[in-house]
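The primary structure of each chain is shown beneath.
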Amino acid sequence: MRAVVLNGAHDVSVETVDDPGLSGPDGIVVQVESTAICGSDLHLYHGDMAEPGVHLGHEFIGSVVETGADVDTVSTGDRVLVSGVVGCGACRECRSGWPMRCLNAGSAVFGTSLELPGGQAEFAAVPGADASVRRIPDGVTDEQAVLLTDILPTGFLGASRADITPGATIAVIGLGPVGICALRSALLYSPARVLAVDPVAHRRAHAERIGVETIDPADGGTMAQVLEATGGRGADAVIEAVGHDETINDAIMSVKPGGTVSVVGVSTNLAHPFPMAIAMFKGITFRICVADIPSTWDSLIPLVANGRLHPEDVFTHRMGLSSAADAYRVFDGREDGVMKVLLDPTA
Ligand SMILES: [Zn+2]
Ligand SMILES: [Zn+2]
């Protein structure tokens, strides 16, 4: 089969590799029908945490072509979406949809190590399938299903952990694909005002099309503009979807006393310069997580299937898997107004 292989920093290629087999009796093999490139793939692409030879990709859907004897919830021929993060699949936490909290071997992300090859490929082996896949119901399009494998759940967790109440004023910092998914999820909680913050003009334009106010941090800083927009008080809740030290601290500075900051931007900083005194004296609630994707599906799949959530406009580019090197270059360079790239494994 063909798979997108990371050779080194800024170097990916499509290679012919061995077809995957079942990882064990609890696993399935999926013929990938659609897969996306994620902002977190760029961390690997930049050479951070890179393992040469890794097969990339953690956002994919497809048809089950092989099923282990212990798999109960899906059968060969079913079309499924796959959580980008998996745990052991057997412990209490994994079975409840929280693979990041796995009590056994710990969690893993597809396409980040040689042990768990990714889904930017024609086929992918999925371990612990009962805990990590769902059948795609009628009413959910392929593009929506791909978004349910990572970024919509991530954005939804950011919103659902932000204590948003009807009528609130909230800020969303970072309007990349995850930020847009967080913004759309936040609207489910009926905030009266959403202040959407990003330095990139076409990302702000996307948020404006959804119908929210935008802030360019270059116009005097995020905190100053959020305070100005809220009469000096700060936002009731701030969702952060970037993961940089500065933007996380902007969130802490921009939230009102007693408000909630909910971070879903990926930070790998072990020594974050947390403004402890400000957080303490303001009495804020600070939450941070990465995607426990299956935990969100009971909420998100019906919301998408019934037309209450439309995240699919984050896809701006659709390319064949064979063009993966170009796709990574365009996505990394933020060329051509790119938000998110979908890859077709048949092309
Ligand atoms: Zn992702
Ligand atoms: Zn587990």
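Residues numbered from 1 in each chain as written. Chains lettered and ligands numbered in written order. Predicted model: local features only at pLDDT ≥ 70, side-chain atom pairs only at ≥ 80, totals over all residues. Heavy atoms only, no water.

## Regarding the packing of aromatic side chains
Applying the stated criterion across every chain, the model contains three aromatic pairs. The ring of W98 has R101 lying over it, and the distance from NZ or CZ to the ring centre is 3.8 Å. (Phe/Tyr/Trp six-rings, centres within 6.5 Å; stacked < 30°, edge-to-face > 60°. Lys NZ or Arg CZ within 6 Å of the ring centre and 35° of its normal.)

## Details of the coordination of the zinc ion (ligand 2)
At the metal site, the zinc ion (ligand 2) is ligated by C88 (SG), C91 (SG), C94 (SG) and C102 (SG), and these contacts range over 2.3 to 2.4 Å. Because the angles between the four donor atoms bound to the zinc ion (ligand 2) fall within 103 to 118°, the donor set is best described as tetrahedral. (Donors = N, O, S within 2.8 Å, 3.2 Å for Na, K, Ca; no water. Tetrahedral: all angles 85-135°; square planar, octahedral: opposite > 155°, others 65-115°.)

## Considerations on a nonpolar patch on the surface
Judged by side-chain polarity, M100, V266 and V290 come together as a nonpolar surface patch covering roughly 210 Å² of accessible area. You can see M100 is positioned in the loop between α2 (92–95) and β7 (108–109). On the accessibility criterion, M100 (33% relative accessible area) is partly exposed. (Patch = residues over 30% accessible without salt bridge, like charges linked within 9 Å, V, L, I, M, F, W, Y side chains within 5 Å. Areas by Shrake-Rupley, 256 points an atom, 1.4 Å probe, with all protein chains shown as cover. Salt bridge = Lys/Arg side-chain N within 4 Å of Asp/Glu carboxyl O. Helix = DSSP H or I, 4+ residues; strand = E, 2+ residues; numbered from the N terminus. Buried < 20%, exposed > 50% of the residue type's maximum accessible area, 1.4 Å probe, protein only.)

## Considerations on the coordination of the zinc ion (ligand 1)
Coordination of the zinc ion (ligand 1) by the protein comes from C38 (SG), H58 (NE2), E59 (OE) and D150 (OD), over a distance range of 1.8 to 2.2 Å. Geometry at the zinc ion (ligand 1) is tetrahedral, judged from its four donor atoms and the angles of 94 to 129° they form at the metal. Written as a sequence motif, the donor arrangement for the zinc ion (ligand 1) is C-x19-H-E-x90-D. One end of the pair, E59, is in strand β4 (residues 59–67); the other, D150, is in the loop between α4 (142–147) and α5 (151–160), and 91 residues separate them in sequence. Taking relative accessible area as the criterion, E59 reaches 0% and is therefore assigned buried. The class for D150 is buried, based on a relative accessible area of 10%.

## Comments concerning the state of the cysteines
Under the defined criterion, the tally for this structure stands at zero disulfides. Of all cysteine sulfurs in the structure, the one in C38 sits closest to C181, which takes part in no disulfide; the separation is 10 Å. Judged by its relative accessible area of 0%, C181 falls in the buried class. (Disulfide = S-S within 2.5 Å.)

## Side note on the domain arrangement of the chain
Domain boundaries in the chain define domain 1 (2–150 + 292–344) and domain 2 (154–288). On a C-alpha basis, the centroid separation for the pair domain 1 and domain 2 is 27 Å. Taken together, the contact pairs 19 residues of domain 1 with 15 residues of domain 2. When domain 1 packs against domain 2, the two sides together hide about 1500 Å² of surface, and 68% of this comes from carbon and sulfur. Taken together, the links from domain 1 to domain 2 amount to one salt bridge. Its salt-bridge partner being D313, residue R184 comes within 2.7 Å of it at the nearest N-O pair. Run the count over domain 1 and domain 2 and you get four residue pairs in polar contact (both at pLDDT 80 or more). By residue number, the principal contributor to the side of domain 1 that touches domain 2 is helix α11 (residues 294–305), which donates five residues. The class makeup of the residues in the side of domain 1 that touches domain 2 is eight nonpolar, five polar and six charged. (Domains from an automatic or database assignment. Contact = heavy atoms within 4.5 Å. Buried area = accessible area lost by both parts, 1.4 Å probe. Polar contact = N/O pair within 3.5 Å; in protein donor to acceptor, adjacent residues only side chain to side chain. Nonpolar A, V, L, I, M, F, W, Y, C, P; charged D, E, K, R; others polar.)

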